[in-house]
Amino acid sequence: MLSWARTWRLPCGGLQLSRTSLSAVPVAPSSSGRGGAEPRPVPLSYKLLDGDAGRPALVFLHGLFGCKTNFNSIAQALARQTGRRVLTVDARNHGDSPHSPDMSYEAMSQDLQDLLPQLGLVPCVLIGHSMGGKTAMLLALQRDLALRQFLLTNLVEADGRFVWRVNLDALAQHVDKILAFPSQQDSYPGPTLFLLGENSKIVRPSHHPEMRRLFPQAQMQTVPNAGHWIHADCPQDFMAAIRGFLA
């Protein structure tokens, strides 16, 4: 599942040079976000392709075990085709972003709420795959007042040995939360598109009523011959759907 939404009606300040924020995978302080306190954000690693600052940027959020490079070719193509700024981000405990024992969607949303204003990327268009799609959904809801070779991309060499750059312990402890979605009462009234792979079973028909309750203006579009990884299976259809949503 991919989902995106136009969000954040706040002031914001041709494809040019990109900016990249990298880290040495530090460990962030623990913050559970319970007891009414907001989760403590971590400084996410990102790559920003420059473009027209007068239009909302495109922000790509990867899925579980992914990283910002999953969207490299699509981000570059859309930056050229739309002239917009395009941001790809490593979620906490993934890629080059810091590790943290908190892997809740609330924490991942808070990370973006901290990063996007810093980069002047509000409002923006959130585009998320799977876990990233749920993060985009929660962020939109909160702010309406965004195989083997694939897994081996997380294996890196450090000090002469191979280590996982994802925080497997935190992911294993929170996998049930990642596969679920936080309960929400308020809805998001803005335009939203859910892009579904025809061959994917991740989003079931029984999910549709709740999706429409939370996102009453949602469109649901199915991509033929695509599985869960729509952007990899059918990149042209994926980009065409984004352009159609932006029009």
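Residues numbered from 1 in each chain as written. Predicted model: local features only at pLDDT ≥ 70, side-chain atom pairs only at ≥ 80, totals over all residues. Heavy atoms only, no water.

If you look the protein chain up in an unreviewed UniProt entry, it shows as sn-1-specific diacylglycerol lipase ABHD11 from Phyllostomus discolor. UniProt lists a comment for the protein chain under the heading Sequence similarities (unreviewed entry), and it reads "Belongs to the AB hydrolase superfamily." (UniProt positions renumbered as here; feature names shortened; annotations may be inferred.)

Asks: Sorry, what's going on with the overall build of the protein chain here?
Replies: Secondary structure summary: the protein chain contains nine helices and ten strands in total. Of the roughly 11,600 Å² of accessible surface on the protein chain, 53% is carried by carbon and sulfur atoms. (Helix = DSSP H or I, 4+ residues; strand = E, 2+ residues; numbered from the N terminus. Areas by Shrake-Rupley, 256 points an atom, 1.4 Å probe, with all protein chains shown as cover.)

Asks: Just to check I follow, could you spell out the packing of helix 1 (residues 72–82) against helix 9 (residues 235–246) for this structure?
Replies: When two helices pack together, their arrangement is given by the angle between the helix axes and by the axis-to-axis distance. Axis separation between helix 1 and helix 9 bottoms out at 11 Å; the angle between their running directions is 40°. The orientation of helix 1 relative to helix 9 falls into the category oblique. As for the relative orientation of helix 1 and helix 9, their crossing is right-handed in sense. Between helix 1 and helix 9, the residues in contact are Ile74, Ala77, Leu78, Gln81 and Thr82 and Pro235, Phe238, Met239, Ile242, Arg243 and Leu246, respectively. Its residues assigned to classes, the contact of helix 1 with helix 9 comprises eight nonpolar, two polar and one charged. (Axes fitted to C-alpha atoms, helices over the stretch in contact; angles between N-to-C directions. Parallel < 35°, antiparallel > 145°, perpendicular 65-115°, else oblique. Left-handed = near helix turned anticlockwise from the far one by under 90°. Contact = heavy atoms within 4.5 Å. Nonpolar A, V, L, I, M, F, W, Y, C, P; charged D, E, K, R; others polar.)

Asks: Is there a simple way to explain the packing of aromatic side chains in this structure?
Replies: Given two aromatic rings, their pairing is described by the distance between the two centres and the angle made by the two planes. Considering all chains together, one arrives at five aromatic pairs under this definition. Judged by centre distance (6.4 Å) and plane angle (50°), the rings of Tyr105 and Phe181 are tilted. The exposure class assigned to Tyr105 is buried, which follows from its relative accessible area of 2%. An aromatic cluster of three or more residues is present, and its members are Phe60, Phe71 and Phe238. (Phe/Tyr/Trp six-rings, centres within 6.5 Å; stacked < 30°, edge-to-face > 60°. Buried < 20%, exposed > 50% of the residue type's maximum accessible area, 1.4 Å probe, protein only.)

Asks: So what exactly am I meant to see when it comes to the side chain of Arg84 here?
Replies: With respect to the helices and strands, Arg84 occurs in the loop between helix 1 and strand 5 (86–89). The buried charged residue Arg84 lacks any salt bridge partner; its closest oppositely charged side chain belongs to Asp52, at an N-O distance of 7.5 Å. Setting aside anything within four residues of it in sequence, one finds Arg84 in contact with Leu49, Asp50, Gly51, Asp52, Arg55, Pro56, Leu58, Ala79, Val125 and Leu246. (Lys, Arg positive; Asp, Glu negative; His and termini not counted. Salt bridge = Lys/Arg side-chain N within 4 Å of Asp/Glu carboxyl O.)

Asks: Where do I start with helix 3 (residues 131–142) in this structure?
Replies: Given 3.6 residues per helical turn, the α-helix brings residues three or four places apart onto the same face. Taking 1.5 Å per residue, twelve residues should reach 16 Å; helix 3 reaches 16 Å between its end C-alpha atoms and fits that length. The buried fraction of helix 3 amounts to eleven of the twelve residues, a majority that puts the element mostly inside the structure. Residues Met131, Gly132, Gly133, Lys134, Thr135, Ala136, Met137, Leu138, Leu139, Ala140 and Leu141 constitute the buried set of helix 3. (Expected span 1.5 Å × (residues − 1).)

Asks: Mind showing me how you'd approach the pairing of strand 8 (residues 161–164) here?
Replies: Side-chain positions along a regular strand alternate between the two faces of the sheet. Pairing between strand 7 (residues 155–158) and strand 8: four bridges, direction antiparallel. Bridge pairing in strand 8 places Glu157 opposite Phe162. Taking the residues between adjacent antiparallel strands as the criterion, strand 7 and strand 8 are bridged by two residues, where Asp159 takes a positive phi near 55°. (Pairing = 2+ DSSP bridges.)

Asks: I tried to follow a nonpolar patch on the surface on my own but got confused; where do I start?
Replies: Together, Leu151, Leu152, Leu155, Phe162, Trp164 and Leu168 make up an exposed nonpolar region whose accessible area comes to about 530 Å². Counting residues per element, the ones that place at least two in the nonpolar patch are helix 4 (148–152) and strand 8. Among the secondary structure elements, Phe162 is positioned in strand 8. (Patch = residues over 30% accessible without salt bridge, like charges linked within 9 Å, V, L, I, M, F, W, Y side chains within 5 Å.)

Asks: Mind showing me how you'd approach the pattern of salt bridges here?
Replies: Two side chains with opposite charge may pair up if their charged atoms get near one another. The tally for this structure, following the rule as stated, stands at five salt bridges. Across the salt bridge formed by Asp96 and Lys68, the nearest N and O atoms sit 3.3 Å from each other. Of this pair, Asp96 sits in the loop between strand 5 and helix 2 (105–118) while Lys68 sits in the loop between strand 4 (57–61) and helix 1, and the two are 28 residues apart along the sequence. Across the pair Glu210 and Arg213 runs a salt bridge, and its minimum N-O distance is 2.7 Å. With Glu210 and Arg213 both in helix 7 (residues 208–214) and three residues apart, the pair spans about one turn of that helix. Arg213 gets classed as partly exposed once you look at its relative accessible area, which sits at 36%.

Asks: How should I be thinking about the nonpolar core in this particular structure?
Replies: Counting 24 residues, the largest nonpolar core has Leu58, Phe60, Leu78, Val86, Ile127, Phe238 and Ile242 as its most contacted members. Within the residue set of this core, elements represented by two or more residues are strand 4, helix 1, strand 6 (124–129), strand 9 (192–197) and helix 9. Two domains share this core, each providing at least three of its residues, namely domain 1 (46–147) and domain 2 (184–246). Beyond its immediate stretch of four places on either side in the chain, Leu78 contacts Leu58, Phe60, Gly83, Val86, Met239, Ile242 and Arg243. In this structure, Leu48, Leu61, Val122 and Leu139 belong to the second largest nonpolar core, which totals 19 residues. (Core = buried A, V, L, I, M, F, W, Y, C linked by side-chain atoms within 4.5 Å. Domains from an automatic or database assignment.)

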